[in-house]
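Spelled out, the chains give:
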Amino acid sequence: MKALEVMQTRKIWADSITYTELVKCCIANAAIGQGKQVHRHVFANGYEPKTFLKNTLVNMYVKFNLLDEAQVLFDQMLERNVVTWTTMIAAYSNSEHKYKALEMLIMMLRDGVRPNMYTYSSVLRACEGLTNLKQLHCCIIKVGLELDVFVRSALIDIYSRWGEVKSALCIFDEMVTSDLVVWNSVIGGFAQNSEGDEALNLYMRMKRSGFRADQSTLTSVLRGCTSLALLELGRQVHVHIIKFDRDLVLNNALLDMYCKCGSLEDASFVFTRMAVKDVISWSTMIIGLAQNGYSRKALDLFDKMKSSGANPNHITILGVLFACSHAGLVKEGDYYFKSMKKLFGIDPGREHYGCMVDLLGRAGKVEEAIELINEMKCEPDAVTWRTLLGACRVHRKMDLAEYAAKRVLSLDSHDAGTYILLSNIYANTQRWEDVENLRKSMKNVGIQKEPGCSWIEINKHVHAFMLGDKAHPEINAIHEELNQIMWRLKGEGYVPDTNFVLQDLEGEQMENSLAHHSEKLAIVFGMMSLPKRKTVRIRKNLRICGDCHVFAKLLAKMESRSIVIRDPIRYHHFEGGSCSCGDYW
């Protein structure tokens, strides 16, 4: 830079390549002041640098996140080529002003500059809706760039981001893929959309095609295992991860998989061996412990996190509040909630309020929970009201339960579970006219309860069961075993809880309906298929009903067996006649 000052004084200029290398050096060292000095020098005394040097300067401002300066320089350029336009389009695509990327593309076309594969792969990431995405896709097809590896990968990524995984798969299947980047895009797309089955199928296809998995592939495969709670398959993937032992993102994904599959021993092993931990690592482990019923350990780990110097984020605090809720620590939860802004600079969000509603509801402080909802700075959503509804159900606050249920339905008119619960509240209090009106509302809205589905992994195969399933090849043996277990459990005091089916069936019909719930079928099949001491692990798509919860507790005690059920609300570890959730979920 001293030489540059001497050149400036003596009005000497180097060639554009020299300046380009100097600018790159400034970028590498984050030297903003020196970079601006180079900019002033090359334009001094009317000197007009070449276009590729101007492009380098524009790129420098983009790298320094100085988009206004980049735009000023761009506007001053009399000649702009595809690199100039693509640099600015990419910059706006990665900024908060994504709409400007689309505007720049239109201006580029009007200027007569033809976009290339890098232009389109950048501008695709600026799409804020399917309409723009499909229009861009048409443009890409017209210019014949739809098969380019960068463009295909971007198309797959963006369609997946908007939940259009079928469209993403169609793009992928248009031609034989010879690039790992494209494979990673399509596998990652399905994994991010909780389509674990298809993500794992694509991974198998990739392996058969001769590709070796990298960190990105394995991260997506772990997400697929996590969404399906496939612990054994996740353990197999762990073997392939060992060679990437220092990869933080991959280790965090592995940690998350073990936590969400309910294997805290494996999760603790991975966490302890991690050479580097970031806030995601700490938060994942804290939440994993809390969700699986180890609240005290979660809070102890939070103390260790603070002692290590790591700063918690809003997800960490969510885990702490969840742990307080699970352990019934009302004072501690209230302290962290009210002081999270002062202690950690984090404003309470809707999820934090939801945790506090859960904490107060679990402690029987339902009226205080309602007061907290009314004090929320953000509008309570259906999840918040469902949390209150659960508390009202457990503590038999039927008037408040009716109020909470109506608030849920005002926000989510297709929530079949809330309709059923509200209908049963009316039926139990002999309000038959209200029952009839509610049934009419269900029919008018077209409510169809999502069928319950549970699955279990046995010998590397996933077995799925639906309510009243008759498709499984061993279903007759399963029903026979289930009937024997039900008979033995009734001898132990089990009474089917018919509050969890619509109250328009006869008593025997209600019991039969409950007996064929998918989680009961999966549990029995697991006990038939697994060794005696092996934990039975079930994944369920819907919240476990109260009757199945009692069934699992008594069965775990009677058979001296560990049963783990993961539903969308809680992780349930059944052992010795009790559940880790404390009978509150």
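Predicted model, so just to flag it, every value in this text is computed and none were measured.

S.K.: Honestly, helix H27 (residues 432-445) in this entry has me stumped. Any pointers?
M.R.: The periodicity of an α-helix, 3.6 residues per turn, causes residues three or four places apart in sequence to face the same way. End to end, H27 covers 20 Å across 14 residues, agreeing with the expected 20 Å (1.5 Å per residue, within 8%). Restricting attention to buried positions, one finds in H27 the residues Val435, Leu438 and Met442. Within H27, the buried residues cover an arc of 65° as seen down the axis, which keeps them to one side. Across from the buried face of H27, at angles greater than 90 degrees, the exposed residues are Glu433, Lys443 and Asn444. Turning to H27, the residues buried within the fold contact helix H26 (416-428). Positive phi appears at Gly446, one or two residues downstream of H27, with a value of about 80°.

S.K.: Honestly, the environment of Asp399 in this entry has me stumped. Any pointers?
M.R.: Topologically, Asp399 is positioned in helix H25 (residues 398-411). We classify Asp399 as exposed; its relative accessible area is 67%. Here the alpha-carbon distance between Asp399 and Ile425, two residues 26 residues apart in the chain, equals 9.2 Å.

S.K.: I keep staring at empty space enclosed by the protein and nothing clicks. Help me out?
M.R.: Rolling a probe over the atoms, with the probe sized like a water molecule, indicates the empty space that remains. Overall, the coordinates contain 1 cavity of 30 Å³ or more when judged by the stated rule. Its boundaries defined by the atoms lining it, the largest cavity holds a volume of some 50 Å³. Lining the largest cavity, in full, are Ala229, Lys260, Cys261, Gly262, Arg537, Ile538, Val564, Ile565 and Arg566. Among the elements of the structure, strand S3 (536-540) and strand S4 (563-566) are those that each provide at least two residues to the lining of the largest cavity. Among the elements that line the lining of the largest cavity, the one with the most residues is S4, at 3 residues. Here the residues of the lining of the largest cavity sort into 5 nonpolar, 1 polar and 3 charged.

S.K.: How should the nonpolar core be read in this particular structure?
M.R.: Across soluble globular proteins, you tend to see nonpolar side chains buried next to one another. With 145 residues, the main nonpolar core has Leu124, Met285 and Leu388 as its most contacted residues. Look past the residues within four positions of Met285 in its chain and what remains in contact with it is Leu255, Cys259, Leu264, Ala267, Ser268, Phe271 and Leu301. Core analysis: the next-biggest nonpolar cluster, separate from the first, contains 33 residues, Tyr494, Val536, Cys548 and Ile565 among them.

S.K.: Would you mind showing me how to read the packing of helix H20 (residues 314-327) against helix H22 (residues 350-362) here?
M.R.: For any two helices packed against each other, one specifies the inter-axial angle together with the distance between the axes. Running from N to C, H20 and H22 point in directions that differ by 5°, and their axes come no closer than 8 Å. On the basis of the axis angle, H20 is roughly parallel to H22. For the pair H20 and H22, the contacting residues are His314, Ile317, Leu318, Leu321, Phe322, Cys324, Ser325 and His326 in the first and Glu351, His352, Cys355, Met356, Asp358, Leu359 and Arg362 in the second. Of the residues that constitute the contact of H20 with H22, the class distribution is 8 nonpolar, 4 polar and 3 charged.

S.K.: Would you mind going over the pairing of strand S5 (residues 571-575) with me for this structure?
M.R.: Put simply, side chains in a regular strand alternate between the two faces of the sheet. S5 sits mainly inside the fold: 4 of its 5 residues count as buried. Relative to S5, S4 runs antiparallel, the two sharing 4 bridges. Along S5, the bridge assignment pairs Val564 with His573. Linking two consecutive strands that pair antiparallel, namely S4 and S5, is a turn of 4 residues. Bridge count for S5 against strand S6 (residues 578-579) is 2 bridges, and the pairing is antiparallel. Paired with Phe574 across the bridge in S6 is Cys579.

S.K.: Help me out: how do you make sense of the confidence of the model for the protein in this one?
M.R.: In low-pLDDT regions, the fine details of the predicted coordinates are not to be read closely. For the protein, per-residue confidence averages 89 on the pLDDT scale, and 95% of positions sit at 70 or higher. For the stretch residues 503-509, pLDDT sits under 50, and the model shows 9 contacts to residues farther than four places along the chain or on other chains.

Conventions adopted
- Numbering of residues begins from 1 in every chain and follows the order in which that chain's sequence is written.
- It should be noted that, the model being predicted, local features are given only for residues of pLDDT at least 70 and side-chain atom pairs only at 80 or more, the latter also being counted only at that level, while totals for whole chains, interfaces and linings use all residues.
- Computation of side-chain values: all heavy atoms of the structure, hydrogens and water removed.
- Only DSSP runs of H or I reaching four residues or more are called helices, and only runs of E reaching two or more are called strands; each is numbered from the N terminus.
- Helix span, as expected, comes to 1.5 Å for every residue beyond the first.
- Between buried and exposed lies partly exposed: a residue is buried under 20% and exposed over 50% of the maximum accessible area for its type, with that area taken using a 1.4 Å probe on protein chains only.
- Our arc is simply the arc of the directions from the helix axis toward the C-beta atoms.
- Between two residues, a contact is recorded if the distance between any of their heavy atoms is within 4.5 Å.
- Residues are said to line a cavity or pocket when one of their atoms sits within 4 Å of a point; the points come from a 1 Å grid over protein atoms alone, cavities being sets where a 1.4 Å probe fits but cannot get out and pockets being open sets with protein on both sides within 12 Å along at least five of seven lines.
- Grid points are joined across faces, edges and corners, and a volume is the space filled by probe spheres set on the points.
- For this scheme, ten residues count as nonpolar: Ala, Val, Leu, Ile, Met, Phe, Trp, Tyr, Cys and Pro. Four count as charged, namely Asp, Glu, Lys and Arg, and the remainder, Gly too, count as polar.
- Definition of nonpolar core: a set of buried residues of the types Ala, Val, Leu, Ile, Met, Phe, Trp, Tyr and Cys, connected through side-chain atoms within 4.5 Å.
- Note on geometry: axes are lines fitted to C-alpha atoms, helical ones only across the stretch in contact, with angles between N-to-C directions running from 0 to 180 degrees.
- The labels follow the angle: roughly parallel below 35 degrees, roughly antiparallel above 145, roughly perpendicular from 65 to 115, and oblique for the rest.
- Whether two strands pair depends on DSSP finding at least two bridges between them.
- Values of pLDDT, the confidence the predictor places in each residue, fall between 0 and 100.

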